[in-house]
Amino acid sequence: MAGKAAAPGTAVLLVTANVGSLFDDPENLQKNWLREFYQVVHTHKPHFMALHCQEFGGKNYEASMSHVDKFVKELLSSDAMKEYNRARVYLDENYKSQEHFTALGSFYFLHESLKNIYQFDFKGKTKYRKVAGKEIYSDTLESTPMLEKEKFPQDYFPECKWSRKGFIRTRWCIADCAFDLVNIHLFHDASNLVAWETSPSVYSGIRHKALGYVLDRIIDQRFEKVSYFVFGDFNFRLDSKSVVETLCTKATMQTVRAADTNEVVKLIFRESDNDRKVMLQLEKKLFDYFNQEVFRDNNGTAVSLWSDVAAPPSGDTHAPRPTHYLCLPGTTLPCPYHLQGSAPSRCKADRWGHTVGGRRPVLRKLSGSGCGKGEGAQAGGPRPVQLHSHRSVLGQLGVRASVSPRGV
């Protein structure tokens, strides 16, 4: 449970959500999602709030431009957000550039009662700017001095095929306490057939490498080291090979190949007896197991041992923690991802690190909203996943800005 606010406490709310599906049906999904989000704000009443979005704008950004504008306008002008008189919005809208486009969107809201908050100028390196008013930045974020944005190098991508994966980093200072917030989107499992071949899978290795790349950038020597919070879509998956081998221990496997290329296109696992009942069908975009209850019982506790092995590559960080329910393909409880499209996963996660003194940031409550609709909440897409603190978290981080903030 969250502790009572410590005077002069600053309530901080960190939210992350992959919102790609919201732009497929904006009239229904967007409205319901925003209602869920506003309820989160109303419940926690934060002074400082960060919303990190991935796949912002959906699959076809150009076609969704008008929906993007409407979504942003609604967030900034709604009655639910009227007490947040300062905001910064960073949208990667450079969809024509394969080398740079990440489809990330980062929103930051400051309550009217919060005084003297500053944002770091990465181009100036030693200068903080006082935050005032509401500002939106888009298009080419690479030239925006108040953030760092990168797409992962092309050789990080599976088969070197571009996709929208990368990170955006901002730095803030409240009450002389500085901290970084990093919006991240790591790689998914592009093929179930490839993912199950080895343990750990090739995709897990790529995620590990990409996460290490981001952490190295955060703690390198270019800037003063401060506390950091990385939250976004990590795309952590269960270890497919272990899952399949455990679920289908007594099964026989049938391999189906394409007639023209002889490439494996499907694996069918059948029970050895019981009329050779089909237990599991596996294709590039299909993971269809006959007994879904094994994933639902106790929120997937039975499969928690088969987790992604993208372990922390840096000694002064803390392991990622899943902050929501297990994602079950093809279900609405808790989420409606890709009708049996992939193995169950824990896509949303957070990680936090303290780069000075080895102390952990203090976050008193992990609130797992789930990444799906949830019971009784027809959000229609991934619900926001939250980290919330009603403690004076900034005062307990133990890192203060070495340069006195000043406005410009």
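Since we're looking at a predicted model, the values are computed, not measured.

### Looking at the pattern of salt bridges
By the definition in use, this model includes 15 salt bridges. In this structure, Arg-171 and Asp-180 form a salt bridge, with 2.6 Å as the shortest nitrogen-oxygen distance. Accessibility assignment for this pair places Arg-171 and Asp-180 in one class, buried. Overlapping salt bridges, with partners in common, bring together Glu-148, Arg-169, Arg-171, Asp-180, Asp-220 and Arg-222 in one network.

### Points about helix α4 (residues 202–218)
When the terminal C-alpha atoms of α4 are compared, their 25 Å separation across 17 residues agrees well with the 24 Å that a helix rising 1.5 Å per residue should span. Listed as buried for α4 are Tyr-203, Ser-204, Ile-206, Arg-207, Ala-210, Leu-211, Gly-212, Tyr-213, Val-214, Leu-215 and Ile-218.

### Observations regarding the layout of surface pockets
Its boundaries defined by the atoms lining it, the second largest pocket holds a volume of some 500 Å³. Considering the residues around the second largest pocket, the lining is formed by 20 residues, among which Glu-159, Ala-190, Ser-191, Tyr-203 and Lys-284 are closest to the centre. Within the residue set of the lining of the second largest pocket, elements represented by two or more residues are α3 (192–195), α4 and β13 (264–271).

### Quick notes on helix α1 (residues 26–44)
The end-to-end C-alpha distance of α1, which contains 19 residues, comes to 26 Å, matching closely the 27 Å that a straight helix rising 1.5 Å per residue would cover. Considered for burial, the residues of α1 that qualify are Pro-26, Leu-29, Gln-30, Asn-32, Trp-33, Leu-34, Glu-36, Phe-37, Tyr-38, Val-40, Val-41 and His-44. One or two residues past the end of α1 sits Lys-45, with phi positive at roughly 50 degrees.

### Digging into the packing of aromatic side chains
If you walk through the whole model with that rule in mind, you get 28 aromatic pairs. Summarising the aromatic geometry, the rings of Phe-48 and Trp-172 are spaced 5.4 Å apart at their centres and angled 65 degrees between planes, so their arrangement reads as edge-to-face. Residue Phe-48 is located in strand β2 (residues 48–54), and its partner Trp-172 is located in strand β9 (residues 166–174); the two are separated by 124 residues in the primary sequence. Accessibility classification places Phe-48 together with Trp-172 in one group, the buried group.

### Brief notes about the sheet that holds strand β14 (residues 278–283)
Taken in spatial order, the 4 strands of this open sheet run β12-β13-β14-β15, and their pairing is antiparallel. Strands at the two margins of the open sheet, each flanked by one partner only, are β12 (251–257) and β15 (286–289). Shown here is a sheet whose adjacent strand axes are inclined to one another by a mean of 15 degrees, direction ignored. The sheet contacts of helix α5 (residues 240–247) involve β13, β14 and β15, and relative to β15 the element is tilted by about 30 degrees.

Criteria and thresholds
- What you see as residue numbers is a count from 1 along each chain, following the sequence as written.
- Since the coordinates come from a predicted model, pLDDT governs what is reported: local features require at least 70, and pairs of side-chain atoms require 80 or more to be given and counted, while whole-chain, interface and lining totals use all residues.
- Calculation of side-chain values draws on the structure's entire complement of heavy atoms; hydrogens and water are dropped beforehand.
- By definition here, a salt bridge exists when the distance from a side-chain nitrogen of Lys or Arg to a carboxyl oxygen of Asp or Glu is within 4 Å.
- Remark: exposure states derive from per-residue accessible area (1.4 Å probe, protein chains only) relative to the maximum for the residue type, with buried under 20%, exposed over 50%, and partly exposed in between.
- Helix and strand assignments come from DSSP, with helices taken as H or I runs of at least 4 residues and strands as E runs of at least 2, each series counted from the N terminus.
- Between the first and last residue of a helix there are one fewer steps than residues, each counted as 1.5 Å, and that sum is the expected span.
- Only protein atoms enter the 1 Å grid used here, on which a cavity is any set of points holding a 1.4 Å probe that cannot leave and a pocket is any open set flanked by protein within 12 Å on both sides along at least five of seven lines; residues with an atom within 4 Å of a point are listed as lining.
- Grid points are joined across faces, edges and corners, and a volume is the space filled by probe spheres set on the points.
- When the centres of two rings from Phe, Tyr and Trp lie within 6.5 Å, Trp using its six-membered ring, the rings pair. Their planes under 30 degrees apart give stacked, over 60 give edge-to-face, and anything left gives tilted.
- Pairing between strands is defined by DSSP: at least two bridges between the two strands are required.
- Lines fitted to C-alpha atoms define the axes here, with helix axes fitted over just the stretch in contact, and angles between the N-to-C directions of these axes take values from 0 to 180 degrees.
- What makes two residues a contact is simply this: any of their non-hydrogen atoms within 4.5 Å.

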